[in-house]
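Here is how the chains run, residue by residue.
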Amino acid sequence: AFHAGIEVFRSEYQFGFRSEGTGVTKTKPGEDSSHHFRGSINLGRTQLTKEEVGATLRELAKEWPGHQYDAVKRNCCNFAHVCAERLGVKPLPDWVDRLPRLAA
């Protein structure tokens, strides 16, 4: 299984379990200490402005509370798919979240 986040404007956004508040967090790309960074996949450039990206990520933060995290049905890969779609970039390759999709 892979961990996935979305990098945009020099920040990485990801989703994980939190008992309170949003599950969406922001880190420096590839520097999340709770995961081993293995590489990046270029999904293209968003056409959104920095302000529009900020607004989009604030909306996602409200829609993805940490207590709703589920390792199979609502995980970091699911978030990355939705985030990529909202940013208007290419989708994640199928192999990134194949294991959770097969388990669902």
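Residues numbered from 1 in each chain as written. Predicted model: local features only at pLDDT ≥ 70, side-chain atom pairs only at ≥ 80, totals over all residues. Heavy atoms only, no water.

Participant: Please explain the layout of surface pockets as it appears in this structure.
Facilitator: Space inside the largest pocket adds up to approximately 1000 Å³. As for the largest pocket, its lining consists of 32 residues, and the residues nearest its centre are Gly5, Ile6, Glu7, Ser40 and Ile41. Sorting the residues of the lining of the largest pocket by element identifies β1 (6-8) and β2 (11-15) as the ones contributing at least two each. It is β1 that provides the largest number of residues to the lining of the largest pocket, a total of three residues. In terms of residue class, the lining of the largest pocket is built from 15 nonpolar, eleven polar and six charged. (1 Å grid on protein atoms, 1.4 Å probe; cavity = no way out; pocket = protein on both sides within 12 Å on 5 of 7 lines; lining within 4 Å. Points joined across faces, edges and corners; volume = space filled by probe spheres on them. Helix = DSSP H or I, 4+ residues; strand = E, 2+ residues; numbered from the N terminus. Nonpolar A, V, L, I, M, F, W, Y, C, P; charged D, E, K, R; others polar.)

Participant: Before we go on, may I ask you to explain the sheet that holds β2 in this structure?
Facilitator: As a general point, the strands of a sheet are linked pairwise by backbone hydrogen bonds and lie either parallel or antiparallel. Here three strands make up an open sheet; going across it, the order is β1-β2-β3 and the pairing antiparallel. Since the sheet does not close on itself, it has two edges, and those belong to β1 and β3 (24-27), each with one partner. Looking at each pair of strands side by side, their axes are set apart by 25° on average, direction ignored. Both β1 and β2 contribute to a ladder of three bridges, which runs antiparallel. Its bridge partner being in β2, glutamate 7 is matched across the sheet by glutamate 12. The strands that helix α2 (residues 76-87) touches are β1, β2 and β3; relative to β1, the one it contacts most, it runs at about 35°. (Pairing = 2+ DSSP bridges. Axes fitted to C-alpha atoms, helices over the stretch in contact; angles between N-to-C directions. Contact = heavy atoms within 4.5 Å.)

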